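So the chains spell out like this:
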Amino acid sequence: MNSGIISAKEIKSDQHLTCEVLVIGSGSGGGAAAARLAEGGMDTLLLEEGSYYDQSDFTRKLTEMTPKIYRDAGFSLIYGNPCIVFQEGKCIGGSTVMNGGMAWHTPERIMKVWREEHGIAFMTPETMRPYFEYIDQSLHVAQQSEDSISHGEKVFKRSAESLGYEVTKNFRSQNNCRGSNVCILGCPDNRKQTVQNTYIPRALQAGARIYTESKVQKILADNRRVKGVSGIIKNRESGKKFKLRVDAKIICVAAGALQTPALLQRSKLANGNGRVGKNFLCHPNVKAVGLYDEPMNQWKGVHQAHQIHHFIEEGFIMSPGGVPPAAIAPGFPQFGSEHLNLMEQYDRMLSTAVMLDDTTSGWVKALPFDIVWPYYQIDSVMLDRIYKSMRLLAGIHLNAGARKVFLPFAHLPEVKNRDELAKIGPDYVKKGEIEIFTVHAMGTCAMGGDPKRHVVQLTGEAWEVPGLFINDASLLPTSIGVNPQVTIQALSTRIADHILENRKHYLDK
Amino acid sequence: MKIRFFTFEKQTYLKFCQVVLPRNERLNLAIEDEIVEKINHMLPNLPILIQLGIHFALALLEIGSLAKYRCRFKNLGQENSHIYIYQWIHSSFPLLRDLSKILNGLVLVHFYDDPRVMQHLGYSINDHIQHVNSLPEIKS
């Protein structure tokens, strides 16, 4: 256990704490804010619902790690037709502990939309550059060395380039990553630069206090001004629970785009315009697995070294993404001996995916019994993008020499040649029969200049509740089409700077 | 809600596991009991609606078997149980397909996470990590 982090095991009674600024959630947004605020000299308290794990806890076994570091053991669902499997972290470091570490700046075309359609005037490349540079430095953002890239990924890259697609080297939060390829189970080498091994040590060093297994149930307010939170601290092993109360004049909510709106809804705060939980965006993903005659050894290289941004204007990016056998296995419809016969060729498989920009939005609702209900229905534009992107992705595999390509469609599970690519369309693939997953949730407390349309003003403070800040992906008013961790951290850091600059104003009230 | 399996549910899942468990002449591990126990242990970590779905699916497996074969699922013969599960997994009825996907998915995740199976597949991740960590540092 990292000294300075207080776990539920150490708690023996109800807790009543005070601080200047309370940060709820220790993922991308919360971690970045906590470090900045603590280093700025504020008395900072951070509450995290999950536990603390470090590299010595990362066993590389999926069934051991997912119940520890994932919410719902990785089986969260977004409801709709089809349902979408959603995975996010629930531990110190949040989703950065189990993500692929991709670290892209907010695209300029997205900044333009935010300025012009949402009134976020500061979202210019010039204004954001110092923040992006700070994040890049904090996370040690870099591209992969050639020797860390698997043979399979190189084959895929060559094939895409031979078809005329521009393949871009990924920017990743990593320090000398050598391609262990267990990113999704927690980096065993500490080479992936997560919030847990970057911002959290800094926050602790600057005097922040961190409580784990601490769930905030309600934000408390007086005359619509925040005064603290109530919740519970629960020991996961013994099941023992203690009440938690924190008094704070400034609260930064960074619980993620599903839990943050649910917390606001339960607290009946900031929702006068009915927009809390609306505008739910999630970058739906669909995957395709190529089966080759030669070994691809995808697991002997980094999880994802490249992305194909060639079609980004058309609303999707493509990428390889190596995962352990236990993660890839449930995607195949076979069972019994057929399944094992197939999986025995794991070494010759190349796993890839498409990430789609959102063309529609869903909503998130807090229900009784602590249930959070996200709903998202893909629309016809997105469906067409799925067809097109999967034809292209499968085409790259076939061009690279794949014997067959496994698809995420119930009644079109594979294609074996280019002629069959034409089947990927409405005649063979119905909307409800597509397997979709995602790891990005965004947009549910959108930032913007219009109090009627947006939940949060440009400072990150809720339009309706002074002292209440949102510091996570909920802020994003639109989908950004690239991995969002840098955008989240840049916005959250900027919000923390606003708090530091106006500290007296908030604390004196 | 944190309800683990009742005994009859365990029996049903065990039978399901026997049918879907990946095995061939090169690898034939009889680890159904172990897997069902691990799934039972993992159950409270799953979302409430998936937990409910699993309990419902196990009940439905029994009801369907009684209706179709006039026999409890756990007592179904090898051929019939294989056909029965195949029909669930490839059903045009989304609910059956999704429920079987959950039941099957949990079995597969636990099966392929077993060190013996990983070794059989040639997935020696610990050796790989040891190897990459022994390489000299190269700046990215």
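Below, the structure is looked at part by part. Starting from 1, residues in each chain are numbered consecutively following that chain's sequence as written. Throughout, the order in which chains and ligands are written sets their labels, letters from A for the former and numbers from 1 for the latter. In keeping with the model being predicted, local features are shown solely for residues with a pLDDT of at least 70 and side-chain atom pairs are shown and tallied solely at 80 or more, while totals for entire chains, interfaces and linings include all residues. In computing side-chain values, all of the structure's heavy atoms are included and hydrogens and water are not.

All names here are of chain A. Each helix is a run of H or I in the DSSP string that is no shorter than four residues. Each strand is a run of E no shorter than two, and both are numbered from the N terminus. Along the polypeptide, Gln-345 turns up in the loop between α9 (337-343) and β18 (349-356). Counting of polar contacts relies on pairs of N or O atoms within 3.5 Å, with two restrictions inside protein: one atom must be capable of donating a hydrogen and the other of accepting it, and residues adjacent in sequence are counted only when both atoms are side-chain atoms. Side-chain polar atoms of Gln-345 contact the side chain of Arg-403, separated by 3.2 Å. Contacts were defined at the residue level, with two residues in contact if any of their heavy atoms lie within 4.5 Å. When sequence neighbours within four positions are dropped, the list of residues in contact with Gln-345 reads Leu-291 and Arg-403.

The next point concerns the packing of aromatic side chains. Ring geometry is summarised as follows: Phe, Tyr and Trp rings, the Trp one being its six-membered ring, pair when their centres sit within 6.5 Å, and such pairs are stacked at plane angles under 30 degrees, edge-to-face over 60 and tilted between the two. Evaluated as defined, the whole model comprises 18 aromatic pairs over all chains. Residues Phe469(A) and Tyr506(A) carry aromatic rings whose centres are separated by 5.4 Å and whose planes lie at 75° to one another, so their mutual orientation is edge-to-face. Taken together, the residues Phe469(A) in strand β24 (residues 468-470) and Tyr506(A) in helix α12 (residues 503-508) connect sequence positions 37 residues apart. Of the two residues, Phe469(A) and Tyr506(A), both sit in the buried class. One aromatic cluster in this structure is built from Tyr69(B), Phe73(B), Tyr84(B) and Trp88(B). Placement of a charge over a ring requires the Lys NZ or Arg CZ to be within 6 Å of the ring centre, with the centre-to-atom vector within 35 degrees of the ring normal. Sitting above the plane of the Trp363(A) ring, Lys365(A) keeps its charged end 4.7 Å from the centroid. Each residue gets one of three labels from its accessible area relative to the maximum for its type: buried under 20%, exposed over 50%, partly exposed in between, using a 1.4 Å probe on protein chains only.

We now examine the interface of chain A and chain B. Interface extent is often summarised as the accessible area lost during association of the parts. Tallying the contact residues gives 57 residues for chain A and 52 residues for chain B. Any Lys or Arg side-chain nitrogen found within 4 Å of a carboxyl oxygen on Asp or Glu counts as a salt bridge. Our count for the chain A to chain B interface comes out at two salt bridges. Close ionic contact of Arg26(B) with Glu344(A) constitutes a salt bridge, the shortest N to O distance being 2.6 Å. Our enumeration of links across chain A and chain B arrives at 15 residue pairs in polar contact (both at pLDDT 80 or more). Within the residue set of the side of chain A that touches chain B, elements represented by two or more residues are α2 (62-69), β5 (76-78), α8 (325-328), α9 and β20 (371-375) of chain A. Across the side of chain A that touches chain B, the residue classes break down as 25 nonpolar, 18 polar and 14 charged. Classification used: nonpolar for Ala, Val, Leu, Ile, Met, Phe, Trp, Tyr, Cys and Pro, charged for Asp, Glu, Lys and Arg, polar for all others including Gly.

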